[in-house]
Amino acid sequence: MDIWKEFRNKLKDDTLTESDFTAEMRAFLQPLLCGERSASRRRKFLEAPYDVYENVRGISVILHCSDDDYRLDFSYDDVSWRLAFIECITLPVLGMEAVPYSKFVSLGEKEAFIRREKEISQLVYFYLKFKELVGKEEALNMFRDGRGEHICARSWVPFYSEGLSYIAYSAWYESRINGETVVVQEFQENRCVMVLYNHIWRNVYFMARHLNSIIEYAEYMELFETVWKDRAKNAGWKIDFVYKDEYTSLIFNRGLTDRANGT
C-alpha cells in the first residue's frame, strides 16, 4: 500500500473524503485540505520536497515548505489508511534508542511556542474552572497579578522611575522568558509603546485547536487584556491595545493613579 502516493493523488484532485481522516481530527483536518479555499495549501504541500518515515503507529511524511516544515501522520491497517495529524512541531529525538543518549537538539523559536502553548492552555483551563465555581468576575480576579509584577519590576530594574522600570521589566520578560518578539518603540515618562510581533498568545489560540473548542476568542482575549490592564494600573499606567495582522501594540499612557509620583 503506497499511502503517500494515494494521498497525493487525492490531494491533487481534491477528492479526499471523511473516511480519509481519523474521527478524532476530521473536523479540523478536512476543512484544512478540502475545497476551493484550501487550494493554495494543497498546492504548497504537493510542490514541497519531503521525507517519509515509517514507525510503529503508521507513517510520517515531513514536507519542507518555504514557510515551515509540516508533518503529516497516517495510521493504517491492512485495507485502509487515515490522516491523523498535521503538525509543524516535530521533536528532534530520532536515535534515542542508542543509549546513553544526551544529544537534545534545540528547536529554536519553536521552543517558546511549545512552552507557551502548555502554559496558556493550563491558564485557560484554570480560568474556566474558576468561572464555573465562582463566576466570571471572580475568575478574572484570580489572574490579576499586577501588584506582584510591580514589585518584581521595582526589585529587578533600578535604573528608571517605577513606571519606566515596569515597562523595561515587562519587555525583557516577554522577550527572554515568554519568547515573544518584542520591540519597545516609545519609552518616555508619560507614554510608552511596546509591540509584540507574531504575538504568541494570539497565535496559540488558532494553532492549538483544543482551545477553540472550550473558549471563544473574544473571551480568550478578554483574559489577556484583564491581566495587562491590572499590571499597567499597578505601575501607574493606563493601557490600550491595538491588534493588526499578527502583532499586538501595548500603548501605555499615564493614568489617574501614578505610583511613580506617589499619588
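Small disclaimer: the values here were computed from a predicted structure and weren't measured. (Residues numbered from 1 in each chain as written. Predicted model: local features only at pLDDT ≥ 70, side-chain atom pairs only at ≥ 80, totals over all residues. Heavy atoms only, no water.)

S.K.: Can you walk me through the nonpolar core in this structure?
M.R.: The tendency in soluble globular proteins is for nonpolar side chains to be buried as a group. Of all hydrophobic cores here, the largest spans 39 residues; its most connected members are Tyr166, Tyr220, Trp228, Trp237, Leu250 and Phe252. Elements represented by at least two residues in this core include exactly α4 (110-134), α5 (136-141), α7 (162-176), β6 (191-197), α8 (200-207), α10 (217-234), β7 (237-244) and β8 (247-254). Here the element with the most residues in this core is α10; it accounts for seven residues. When sequence neighbours within four positions are dropped, the list of residues in contact with Tyr166 reads Glu149, Ala153, Trp228, Arg231, Ala232, Ala235, Trp237 and Phe252. Counting 24 residues, the second largest nonpolar core, distinct from the first, contains Leu32, Leu33, Val61 and Trp81. (Core = buried A, V, L, I, M, F, W, Y, C linked by side-chain atoms within 4.5 Å. Buried < 20%, exposed > 50% of the residue type's maximum accessible area, 1.4 Å probe, protein only. Helix = DSSP H or I, 4+ residues; strand = E, 2+ residues; numbered from the N terminus. Contact = heavy atoms within 4.5 Å.)

S.K.: Can you walk me through the sheet that holds strand β4 (residues 81-87) in this structure?
M.R.: Backbone-to-backbone hydrogen bonds join strands into a sheet, with any given pair of strands oriented parallel or antiparallel. What the four strands build is an open sheet, ordered β1-β2-β3-β4; its pairing is antiparallel. Unpaired on one side and paired on the other, β1 (50-55) and β4 mark the two borders of the sheet. Strand-to-strand, the axes of this sheet are offset by a mean angle of 20 degrees, without reference to chain direction. As defined by bridge partners, strand β3 (residues 69-76) adjoins β4 across six bridges and the pair is classed as antiparallel. The residue bridging Arg71 from the neighbouring strand is Glu87, located in β4. Contacting β1, β2 (58-64), β3 and β4, helix α1 (residues 3-13) crosses the sheet at an angle of about 115 degrees to β3. (Pairing = 2+ DSSP bridges. Axes fitted to C-alpha atoms, helices over the stretch in contact; angles between N-to-C directions.)

S.K.: Would you mind going over the packing of helix α6 (residues 146-156) against α7 with me for this structure?
M.R.: Helix packing for two helices is described by the angle between their axes and how far apart those axes are. At their nearest, the axes of α6 and α7 sit 8 Å apart, and the two run at 95 degrees to each other. By the angle class used here, α6 and α7 are roughly perpendicular. Contact with α6, carried on its side by Glu149, His150, Cys152, Ala153, Arg154 and Trp156, involves Glu162, Ser165, Tyr166 and Tyr169 of α7 and no other residues of that element. Taken together, the residues that form the contact of α6 with α7 break down as five nonpolar, two polar and three charged. (Parallel < 35°, antiparallel > 145°, perpendicular 65-115°, else oblique. Nonpolar A, V, L, I, M, F, W, Y, C, P; charged D, E, K, R; others polar.)

S.K.: What is the right way to look at unusual backbone geometry in this model?
M.R.: If a residue is not glycine, its phi is most likely negative; likewise, a peptide bond is most likely trans. A cis amide bond, omega -5 degrees, links Val99 with the succeeding residue Pro100. Tracing the backbone shows Pro100 in the loop between β4 and α4. At Asn198, a position not held by glycine, the phi torsion is positive, near 50 degrees. Among the secondary structure elements, Asn198 is positioned in the loop between β6 and α8. Positive phi outside glycine occurs at Asp245, with the angle close to 50 degrees. Inspection of the secondary structure puts Asp245 in the loop between β7 and β8. For Asp245, a relative accessible area of 61% translates into the label exposed.

S.K.: What's the story with the pairing of β6 in this structure? I'm lost.
M.R.: Within a regular strand, the side chains alternate between the two sheet faces. The buried fraction of β6 amounts to five of the seven residues, a majority that puts the element mostly inside the structure. Bridging between strand β5 (residues 181-187) and β6 involves six bridges; their strand directions are antiparallel. Directly across from Glu186, in β6, lies its bridge partner Val193. The sheet contact formed by β6 and β8 spans six bridges and is antiparallel. Paired with Met194 across the bridge in β8 is Leu250.

S.K.: So what exactly am I meant to see when it comes to α8 here?
M.R.: Since the α-helix advances by 3.6 residues per turn, residues separated by three or four positions end up pointing in the same direction. Burial runs high along α8: six of the eight residues are buried. Of the positions making up α8, those classed as buried are Ile200, Trp201, Arg202, Asn203, Val204 and Tyr205. The elements touched by buried residues of α8 are α4, α9 (209-212), α10, β7 and β8.

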